[in-house]
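# Descriptive structure summary
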Amino acid sequence: MANKIRVGVVFGGRSAEHEVSLASATSVIKALDRNKYEVIPIGISHEGRWLSSGEALRLLKEGVDIRNQPEHILVPDPRKQGLVPLQNSGAAVTSHAVDVVFPVIHGPYGEDGTIQGLFELADIPYVGSGVLGSAVGMDKVVQKQLLRQADIPVAPDLWFPYYEFVRHQKRILASIEKKLRYPCFVKPPNMGSSVGISKAHTREELIAAIHLAGEFDRTILVERGIPNAREIECSVLGNEEPMASVPGEIIPSNEFYDYDAKYVDGKSKAEIPAKLPKAVVKRIQDYSLRAFKALDCAGMARVDFLVQRKGTKITLNEVNTIPGFTSISMYPKLWQASGLSYPELLDKLITLAMERHESKKNLKTTYQPKAEWFK
Ligand SMILES: Nc1ncnc2c1ncn2[C@@H]1O[C@H](COP(=O)(O)OP(=O)(O)OP(=O)(O)O)[C@@H](O)[C@H]1O
Ligand SMILES: [Mg+2]
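First, a word on what this report is: a plain description of the structure on this page.

Calculation rules
- Numbers given to residues run from 1 along each chain, matching the order in which its sequence is written.
- By the order in which they are written, chains take letters starting at A while ligands take numbers starting at 1.
- Residues qualify for local features only when their pLDDT is at least 70, as the model is predicted, and side-chain atom pairs are given and counted only at 80 or more; totals for whole chains, interfaces and linings, by contrast, use all residues.
- Computation of side-chain values covers all heavy atoms of the structure but excludes hydrogens and water.
- Distances define the donors: N, O and S atoms within 2.8 Å of the metal qualify, as do those within 3.2 Å of Na, K or Ca. Water is excluded, so some sites may look unfinished.
- With a 1.4 Å probe rolled over the protein chains alone, any residue whose accessible area is under 20% of its type maximum counts as buried; one over 50% counts as exposed, and the rest are partly exposed.
- Counting from the N terminus, the helices are DSSP H or I runs at least four residues long and the strands are E runs at least two residues long.
- Only heavy atoms matter for contacts: two residues are in contact if any of them lie within 4.5 Å across the pair.
- Two strands form a pair only when DSSP identifies at least two bridges running between them.
- Only the six-membered ring of Trp is used, alongside the rings of Phe and Tyr, when aromatic pairs are assigned; centres must lie within 6.5 Å, and planes under 30 degrees apart are stacked while those over 60 apart are edge-to-face, with the rest tilted.
- Whether a residue is near a molecule or strand depends on its heavy atoms: if one lies within 4 Å, it is near.
- The definition of a polar contact used here is a pair of N or O atoms within 3.5 Å, where within protein one atom must be able to donate a hydrogen and the other to accept one, and adjacent residues in sequence count solely through side-chain atom pairs.

A few words on the coordination of the magnesium ion (ligand 2). For the magnesium ion (ligand 2), every protein donor is listed as Glu318 (OE), Glu318 (OE) and Asn320 (OD1), and the spread of their distances is 2.1 to 2.4 Å. A relative accessible area of 11% places Glu318 in the buried class. Looking at Asn320, the relative accessible area reads 11%, which means it is buried.

Next up on the list: the environment of Ile232. Along the chain, Ile232 turns up in strand β12 (residues 229–238). A relative accessible area of 0% means that Ile232 is categorised as buried. Along the backbone, Ile232 and Lys360 are 128 residues apart, and their C-alpha atoms lie at a distance of 34 Å. For Ile232, the contacting residues outside a window of four places in its chain are Pro247, Gly248, Glu249, Ala274, Leu276, Ile284, Val303, Asp304, Phe305 and Val307.

Turning our eyes to something else, we now look at the pairing of strand β14 (residues 248–251). If a strand is regular, its side chains alternate between the two faces of the sheet. As paired strands, β12 and β14 are joined by three bridges and run antiparallel to one another. Following the sheet pairing, Glu231 is matched in β14 by Ile250. Sheet analysis places β14 next to strand β15 (residues 269–271), joined by three bridges and oriented antiparallel. Bridge pairing links Glu249 to Glu271 in β15.

Counted under the stated rule, the structure contains seven aromatic pairs. When the ring of Phe102 is compared with that of Phe325, the centres are 5.9 Å apart and the planes differ by 85°; the resulting orientation is edge-to-face. Note that Phe102 is positioned in strand β7 (residues 100–103) and Phe325 in the loop between β17 (314–320) and α11 (330–336), a separation of 223 residues in sequence. Each of the two residues, Phe102 as well as Phe325, counts as buried. Their ring planes at 75° and their centres at 6.1 Å tell us that Phe325 and Tyr342 sit as a pair that is edge-to-face.

Once that is clear, we can look at the site of ligand 1. Not every one of the 22 residues close to ligand 1 is listed here, only the nearest: Lys140, Lys187, Ser194, Glu231 and Asn320. The backbone of Ser193 places a nitrogen or oxygen atom 2.9 Å from an oxygen atom of ligand 1. Between ligand 1 and the protein, one listed contact pairs an oxygen atom with a side-chain N or O atom of Lys262 at 2.9 Å. For the shell around ligand 1, the elements supplying multiple residues, two or more each, are β9 (184–187), β11 (219–224), β16 (299–308) and β17.

Right under this line is the structure:
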């Protein structure tokens, strides 16, 4: 019997999407095949405290006081290959060896390249995109610049540092009204789950929306509202040769797909596969694969589109590198509709993580300068 693969499933985290991550991790932990994997839950609290125990998920869900729980951290030292208990003495002995990490954290400090950097330093294989792919996958301003460069259609926008709005409100409002008009969408670039996003129909709403987004990020992104748009999503899976799933459609319960429509009121609907002409399906899949490559993604991503009803004008809205992963989330459901079950999807993602780590191993990390250069 081959040794089981020790999978560290990381969840929670310091972002405003902490609760969404707990829901995603619950499904992932439940669906991992125990004949193949030894599952090591690794919870990160709102404050950033690491705990690794069978209770981690329950403790974070119940929001109980975890200060007396033993802390286990992943150290940025390749020799440790796992979690070490943080003891008062500071002695670091590996308590849980980990073969691969599955980060199921959404938003900043989990989906933005930060924790991926720790995994790189620890030299442990991990599911999903690397440091760069995660960072540009998270930041909508930089993401859209790369997508434009790859000739992928995105919504017209303006972005500016929040402090600049505080100082030059009139000028910025005038340029937004001139270039984008109403309604427009205001977003904190580095966030997800529609947290901090507003649709502004008037100048008053726009000002309030910018102040709200400014609570979550230092930069503000304002986009022209794409009118009468259908919400189409496509899943991508792979490393160098990624595949695209069948597209699906979200019918939001509110004026736009806000946090309530996503997670609270339970009234939004999903149609899988989306009813779209074949040619539009093909274009959506092509744009998804091109976006995946343009952002240096790896493993997985969910690509969201706004497709205008008439004439099927396609706008790529954004790419998510760690999409929602509950069993009813679009990412796994689109793969199910494309012939890959949830457990098979998890297997594939773990295999891709190991393959990517293996291929990076061949890269040189030392350089021998010519001796005569130092004479
Ligand atoms: N330019 C736009 N035009 C029309 N609707 C938009 C636009 N931008 C965003 N929306 C609406 O707002 C929702 C959330 O926007 P977006 O996907 O950019 O945010 P997010 O927080 O990254 O969401 P996710 O949970 O998918 O990560 C979209 O699903 C759509 O309903
Ligand atoms: Mg997003």
